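For reference, the chains in residue letters:
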Amino acid sequence: MLNIWNKKAWIFIPMLIIIAIVPLIVCLKMVNLSGIAYDAWPARNVNLDFFSYYKANWIVIFSTIGWFIFLFKVKKFEESKNENYYIPLFIMVILVVISTMLSPFREIALKGVADRYESAWVLVSYFLITIILMNTIEKVDEVKLFIKAFFLSCIIIGIIGILQYFGADIFKSDFGSSLIVPDAIEKTVGKLSFRFGAYTIYSTLYNTNYVGSYMVMAFMVIIPLYLTAKNILWRIGSSLILFLVFSNWIGCRSRAGIIGGIFAFIIMGIIMRKTIVKEWKKLIVAIIVSAFIFLGMDYASGWTLSGKYSTLKNEAGGVSTEKGLKDITVEGNKIIIEKYNFKPFVISLNYDKQELILSGINGEKVPYKLEQNKILIEEKGYEKYSVTLVDQSRLELRTDRGKIELQVNKDEIFYLNNKGEKEEFKSISKIDRIKALDGKEQKGSGRIYIWSRTIPVLKNYLLFGSGPDTFSLRFPQYDRVGKLVTWGDPDIIVDKPHNMYLQMAVNTGILFLVTFLVLIGWYFIESFKIYFNSDFSKFEHIVGAGLFFAVIGYCGAGFFNDSLVSVAPVFWSLLGIGIAVNKINKIKRI
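In this report, the structure presented in the accompanying data block is examined. (Residues numbered from 1 in each chain as written. Predicted model: local features only at pLDDT ≥ 70, side-chain atom pairs only at ≥ 80, totals over all residues. Heavy atoms only, no water.)

1. Examining the overall build of the protein chain
Across its full length, the protein chain carries 22 helices and 13 strands. Relative to the compact-globule value of 25 Å for 590 residues, the protein chain shows a C-alpha radius of gyration of 27 Å, a close match. Buried positions account for 57% of the 590 residues belonging to the protein chain. The long-range fraction of contacts in the protein chain, counting pairs at least 24 apart against all pairs at least 6 apart in sequence, stands at 70%. Of the roughly 25,900 Å² that the protein chain leaves accessible, carbon and sulfur atoms contribute 61%. Here the protein chain contributes 67 positively and 50 negatively charged side chains, and the mean placements of these two sets differ by 9 Å. (Helix = DSSP H or I, 4+ residues; strand = E, 2+ residues; numbered from the N terminus. Rg over C-alpha atoms; globule rule 2.2 N^0.38 Å. Buried < 20%, exposed > 50% of the residue type's maximum accessible area, 1.4 Å probe, protein only. Contact = heavy atoms within 4.5 Å. Areas by Shrake-Rupley, 256 points an atom, 1.4 Å probe, with all protein chains shown as cover. Lys, Arg positive; Asp, Glu negative; His and termini not counted. Charge placed at Lys NZ, Arg CZ, Asp CG, Glu CD.)

2. Quick look at helix 6 (residues 120–136)
A turn of α-helix holds 3.6 residues, and therefore any two residues three or four places apart point the same way. An ideal rise of 1.5 Å per residue puts 24 Å on 17 residues; helix 6 measures up with 24 Å between its terminal C-alpha atoms. Counting buried positions along helix 6 gives 16 out of 17 residues, so the element sits mostly inside the fold. (Expected span 1.5 Å × (residues − 1).)

3. Here's the deal with the packing of aromatic side chains
Overall, the coordinates contain 43 aromatic pairs when judged by the stated rule. Geometrically, the ring pair formed by Phe246 and Trp249 is tilted, given 6.2 Å between the ring centres and 55° between the ring planes. You can see Phe246 and its partner Trp249 sitting in helix 11 (residues 232–251), three residues apart, about one turn around the helix. Relative to Trp487, the ring of Tyr449 has its centre 5.3 Å away and its plane inclined at 85°; by these criteria the two rings are edge-to-face. With Tyr449 in helix 16 (residues 447–454) and Trp487 in helix 18 (residues 480–487), this residue pair connects regions lying 38 residues apart in the sequence. The class for Trp487 is partly exposed, based on a relative accessible area of 28%. The side chain of Arg273 reaches across the aromatic face of Phe532, ending 4.0 Å from its centre. For Lys422, the ring lying beneath its charged end belongs to Phe414, and the centroid distance is 4.4 Å. (Phe/Tyr/Trp six-rings, centres within 6.5 Å; stacked < 30°, edge-to-face > 60°. Lys NZ or Arg CZ within 6 Å of the ring centre and 35° of its normal.)

4. Here's the deal with the side chain of Glu405
Inspection of the secondary structure puts Glu405 in strand 11 (residues 403–408). Classification of Glu405 as buried rests on a relative accessible area of 18%. If we ignore the near neighbours within four places in the chain, the residues touching Glu405 are Arg394, Leu395, Glu396, Phe414, Tyr415 and Leu416.

5. Examining the nonpolar core
Residues Phe127, Phe516, Phe571, Trp572 and Ile577 are the most contacted members of the largest nonpolar core, which totals 151 residues. Residue contributions to this core peak at 15 residues, all from helix 10 (residues 208–227). Excluding its chain neighbours within four sequence positions, the residues that come into contact with Phe516 are Met92, Met500, Tyr501, Met504, Cys555, Phe571 and Trp572. Counting residues in each nonpolar core, the second largest holds 29 residues, with Val330, Ile347, Leu358 and Ile375 among its members. (Core = buried A, V, L, I, M, F, W, Y, C linked by side-chain atoms within 4.5 Å.)

6. A word on the sheet that holds strand 7 (residues 368–371)
Within the open sheet, the seven strands sit side by side as 7-8-9-10-11-12-13. Their pairing is antiparallel. In this open sheet, the two strands that pair with only one neighbour each are strand 7 and strand 13 (422–424). Direction aside, neighbouring strands of the sheet carry axes that sit 30° apart on average. (Pairing = 2+ DSSP bridges. Axes fitted to C-alpha atoms, helices over the stretch in contact; angles between N-to-C directions.)

7. Here we look at the pattern of salt bridges
Counting across every chain of the model gives 17 salt bridges. Glu279 is the partner of Lys230 in a salt bridge, and the nearest nitrogen-oxygen pair spans 3.4 Å. Remark: Glu279 occurs in the loop between helix 13 (273–278) and helix 14 (280–300) and Lys230 occurs in the loop between helix 10 and helix 11; sequence separation between them is 49 residues. Among the salt bridges present, the one from Asp479 reaches Arg453, with a minimum N-O distance of 2.9 Å. Within this pair, whereas Asp479 is found in the loop between helix 17 (471–474) and helix 18, its partner Arg453 is found in helix 16, the two being separated by 26 residues in sequence. Each member of the pair, Asp479 as well as Arg453, is classed as buried. One network of salt bridges, with partners in common, ties together Arg394, Glu396, Arg398, Lys403 and Glu405. (Salt bridge = Lys/Arg side-chain N within 4 Å of Asp/Glu carboxyl O.)

8. With respect to the packing of helix 4 (residues 83–102) against helix 6
How two helices sit against one another is set out by the angle between their axes and by the gap between those axes. Put simply, helix 4 and helix 6 touch, their axes get as near as 10 Å, and they point 165° apart. The angle between helix 4 and helix 6 places the two elements in the roughly antiparallel class. Once helix 4 is placed against helix 6, the crossing between them reads as left-handed. Here Tyr85, Tyr86, Leu89, Phe90, Met92, Val93, Val96 and Thr100 of helix 4 come into contact with helix 6, specifically with Ala120, Leu123, Val124, Phe127, Thr130, Ile131, Met134 and Asn135. Looking at the contact of helix 4 with helix 6 residue by residue, the class counts come to 13 nonpolar, three polar and no charged. (Parallel < 35°, antiparallel > 145°, perpendicular 65-115°, else oblique. Left-handed = near helix turned anticlockwise from the far one by under 90°. Nonpolar A, V, L, I, M, F, W, Y, C, P; charged D, E, K, R; others polar.)

9. Some thoughts on helix 19 (residues 500–508)
Of all nine residues in helix 19, nine are buried, a share of seventy percent or more. Within the span of helix 19, buried status applies to Met500, Tyr501, Leu502, Gln503, Met504, Ala505, Val506, Asn507 and Thr508. Its buried side turned inward, helix 19 meets helix 4, helix 6, helix 16, helix 17, helix 20 (510–531) and helix 21 (539–557). The N-terminus of helix 19 is capped by Asn499, whose side-chain oxygen sits 2.9 Å from the backbone nitrogen of Tyr501. Positive backbone phi, approximately 100°, marks Gly509, located one or two places after helix 19. (Polar contact = N/O pair within 3.5 Å; in protein donor to acceptor, adjacent residues only side chain to side chain.)

10. Side note on unusual backbone geometry
Non-glycine residue Ser203 carries a positive phi angle of around 50°. If you trace the backbone, Ser203 turns up in the loop between helix 9 (183–189) and helix 10. Looking at Ser203, the relative accessible area reads 0%, which means it is buried.

11. A word on the side chain of Lys339
Tracing the backbone shows Lys339 in strand 4 (residues 334–339). Reaching out from Lys339, the side chain makes a polar contact with the side chain of Asp400 at a distance of 3.0 Å.

Structure follows, in structure tokens:
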């Protein structure tokens, strides 16, 4: 170990920091937003960021340091035996650069959007991390060094997470607050409020979904090590890590992480079929202990944990639209309200008389009652609907999903946003979308809605995309009725697609996405060939397979999660290490 450290310390230090220290960074940064930065994230004028800003900066800093050391002191490209991987990686770098240069939102592409900060610099840093690691790791002891660093960081993240689950969130304590809020701005921000309560986990990774993506990678790496552990100390150690990771994996309530795990488990079952049969006793012990952990955590949460995961089956199926809001349409001075399986009704406004008239679509009467300036609808299916004439120019329509405010003129009706600004009112029927998904918008916590509006956008970004981190500026934020139907809030900002592949396609282009899939495809094929017939008697085969499963798990979760600076650098690091381990195994086989 000392020889390794002396030889490659300067290149390994920045890479170890990225994989082990960066995910732990939580520190408040106040970012003032104006112009295009505010347009991209108009939630408020100041972004109070704890989880992304500093992570993004340190990723760029340390990957740049590592890259220059790599170029001048460690390795020459002509010495590498990973030529196939250079092609997609360098194409991706070029596409990010072109996408940034051509982007109409270059400021965002270079700096990143608030709360995310995954700029062009960060994306390029990811690829540099992979290139550095796949070329500099050449020995098994070097692999062990990085795996130990990864698990050390994972243990810290896991302990913070499990404490959060049981209501002992370190960041809510005075001590924890002092760690993440700089003294210089402590008085400015006042007392912190937290989005997440007990019985869920966000740890240092910003959001519960990203904990799922992180933990599925850790879970897939530790399982092969647990199953093949021979030394008693390593059996105990791997067991403790396994169950800590498992408790975080399920405790974060990320269904995306679970789905990613399912993908990885399928491949693991194929690759490690002989080892699983051979080590069936360890597997049974792990399953039994995991079941007790799940039951204990579920009981502590009042059985809400199992309730969260029981919705997976329903999410995969269709959605009942028997009573759902379908659309709101404005035609001149008329508002047409439609629900699935119920007759629509019309609200007509007589502006001069300040009068509201309710009728069916064919002019038939609609039952209602008056309460001061509010009309309560009594038509079947619309009992929770009401219309309030707030003043001469403002109308409030309340539905069973939430309320929407309108500005009324003599011959026109506009949408009135939460900043008091008027917008052209657009019904769902006027939005470019996948019509087959109408009525399913609420599925997947709104993911179906986001995807149904994002996929039609892709036709504009076949080559170079809109620019890194510019998704929110290309999503149809003006689809107020669609947002009302989905979340009950027409003013909510959709800043991410909740799908890593759609995120890539919109931000950096479909060509970039295809290149990424080629990269992962090459790694998949190479790994499958190496490990399919392995007996997993050697550490390099065990950890190589674990890294392979981790990449699959992350990519599987990516169908429902985005790339983010809290987790993505770990993925690109593990991918680089995985490629390096494959090279070690191929050389030894020869």
